There are 2 protein chains.
Amino acid sequence: MKSTIPDTGVPITPPDANGRDRQEASLHGEILLRLRDYVVEGNIPAGGRVPERQLCEMLGISRTPLREALKVLAAEGLIELLPNRGARVRQLSRRDLEELFDVMAGLESLAGRLACETITDAEITAIEQLHYEMYGHYLHRDMHGYFQANQRIHESIVAAARNETLKTAYANFAGRIRRVRYSANFARKRQRWAEAMREHEAILDALRRRAGSELSDILFQHLRNKRMAAIEHLTEPQEGVQASP
Amino acid sequence: MKSTIPDTGVPITPPDANGRDRQEASLHGEILLRLRDYVVEGNIPAGGRVPERQLCEMLGISRTPLREALKVLAAEGLIELLPNRGARVRQLSRRDLEELFDVMAGLESLAGRLACETITDAEITAIEQLHYEMYGHYLHRDMHGYFQANQRIHESIVAAARNETLKTAYANFAGRIRRVRYSANFARKRQRWAEAMREHEAILDALRRRAGSELSDILFQHLRNKRMAAIEHLTEPQEGVQASP
DNA sequence: TTCCATCATTTTGCATTCATTTTTTGTCTC
DNA sequence: GAGACAAAAAATGAATGCAAAATGATGGAA
């Protein structure tokens, strides 16, 4: 079933990396997932063309489902479609990034507010756990570990909001930034790192007290600071990440 | 050019109602806009099938661009695609609506916060103008006028946030609710109406003082209350609006 | 009559084909 | 050698065709 895909040594990700729609039933859905991951992971340089024919061969499919997937990715903001001139990986300007970070901040801020309404003690404990883990990474200057724990904390907050619509939107925007986010080596600034830790303390504190409005403020400000750290070092024009050679 | 559309008495909207992407250059883009409006305006009953062939004739196109548009609408959450069983207009459960309203609340709350950072006196004056207009409608018990002015106020706040990404996301979610929103005849409750007016006073006040965090709170609460009013009267299962006969 | 199996019809998913547009290549002129 | 024009090649956008799946109808057995 599912039309024998000849497995042309496709380098694209396995069919379930991103925790999203799961509409793998159709070929189009499968292609969509793989293509999205392919782009999000930065396999195509920013602004680079997305060659239909080549991808078709790579994926062993015809152009129809591929083009459908491209249309969807364009709607998601990952690529852009130039009339009669094909698809390109969207080049995010500095302004685009600022906007994206702000929207993410708004969504997390909302997530925190909602989470306070229904979060359980167990969930808070789990987040505390992650927090201490993150603190350990901080002490060991382990950027990568810190980054991962940090991300899981934020995801936990979003999950605690118990709002699938929010979660999906959050994942969508996160995907758009991901290419850049990894390059945001803000940890260079020791001071910012320490500040972020303090902010996380405050987040936990507000969460424990279920102080929704307050948490909302703290989260927004936290993300705003992150935005500053991530973006300020970019030179005007655009995205700071290229495809690995 | 652009393939003679035989104008089969298509009831769909003119090609520029919704203030969105404007990718009318391609046939696909045109179809996308028209189809989106067609669905948003409730021309197909909730949960009803979206017959490909029929729509193709109606629009005078082949199935390929139509199917591409359907895929995009599905990604936007307006319709859903059942494997091998075609597209249906998404049936929003009560829970879906609650979630959507909350996300809208979060986005507007964010918009208010951002707006406070850069809004000009002139913009505030314009919003005040709308506010008084709305108050007039309120006094005259003109539900429709009130509703429109109200909507323009909220849109003005979003515009004042100067964040295109936010604006697009906002428009997207607004589209999903639109079908239901009109049926939210919360005005029946005189008291809620008066309350909403008071909340709007508070919104304006916070805006004048550029009190971002405060405005954020007020807006969230305002939308939360709106959600209550709009949803509480729905009987459990789902959407409360049908296609007009 | 009701239930279920079988077959025809419709619909969907994808591949293929066709018509344009864009891009590249090659040649000619200055 | 640089630039301009023209033709060829490639890529895109949309239509059509075909196999698989689903829907609906028909008929037979309990």
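Placed above this text is the structure.
As the structure is a computational prediction, the values presented were derived from the model and not from experiment. (Residues numbered from 1 in each chain as written. Chains lettered and ligands numbered in written order. Predicted model: local features only at pLDDT ≥ 70, side-chain atom pairs only at ≥ 80, totals over all residues. Heavy atoms only, no water.)

K.L.:
Pulling in residues and values, what's your account of the protein's contact with DNA strand C?
P.N.:
Around DNA strand C sit 16 residues in total, of which L27, S62, T64 and R85 of chain A together with R67 of chain B are the nearest. Restricting attention to atoms of DNA strand C within 4 Å of the protein, one finds that 71% of them are sugar or phosphate atoms. Between a phosphate oxygen of DNA strand C and a main-chain N or O atom of H28 of chain A, the distance comes to 3.5 Å. Contact distances for DNA strand C include 2.8 Å between a base nitrogen and a side-chain N or O atom of T64 of chain A. Listed by contribution, the elements that provide at least two residues to the surface near DNA strand C are helix 1 (27-40) and helix 3 (63-76) of chain A together with helix 3 (63-76) of chain B. (Near = heavy atom within 4 Å. Polar contact = N/O pair within 3.5 Å; in protein donor to acceptor, adjacent residues only side chain to side chain. Helix = DSSP H or I, 4+ residues; strand = E, 2+ residues; numbered from the N terminus.)

K.L.:
Please provide a residue-by-residue account of the sheet that holds strand 2 (residues 79-82) of chain B, values included.
P.N.:
Residue and element names in this part refer to chain B. Overall, antiparallel pairing links the 3 strands, which are arranged 1-3-2 in an open sheet. The two strands at the open ends of the sheet, each matched to only one other strand, are strand 1 (49-50) and strand 2. Relative to strand 3 (residues 86-89), strand 2 runs antiparallel, the two being bridged by 4 bridges. Along strand 3, the bridge assignment pairs E80 with R88. (Pairing = 2+ DSSP bridges.)

K.L.:
So, the protein's contact with DNA strand D: which residues are in play, and what are the values?
P.N.:
Taken together, 17 residues lie around DNA strand D, and R67 of chain A together with L27, S62, T64 and R85 of chain B are the ones closest in. The sugar and phosphate moieties of DNA strand D supply 69% of its atoms located within 4 Å of the protein. For DNA strand D, a phosphate oxygen lies 2.7 Å from a polar atom in the side chain of R67 of chain A. The side chain of S62 of chain B places a nitrogen or oxygen atom 2.3 Å from a phosphate oxygen of DNA strand D. Looking at the surface near DNA strand D, the elements that each hand over two or more residues are helix 3 of chain A together with helix 1 (27-40) and helix 3 of chain B. Here the surface near DNA strand D takes 3 residues from helix 3 of chain B, the largest share from any one element. The residue inventory of the surface near DNA strand D, partitioned by class, reads 4 nonpolar, 7 polar and 6 charged. (Nonpolar A, V, L, I, M, F, W, Y, C, P; charged D, E, K, R; others polar.)

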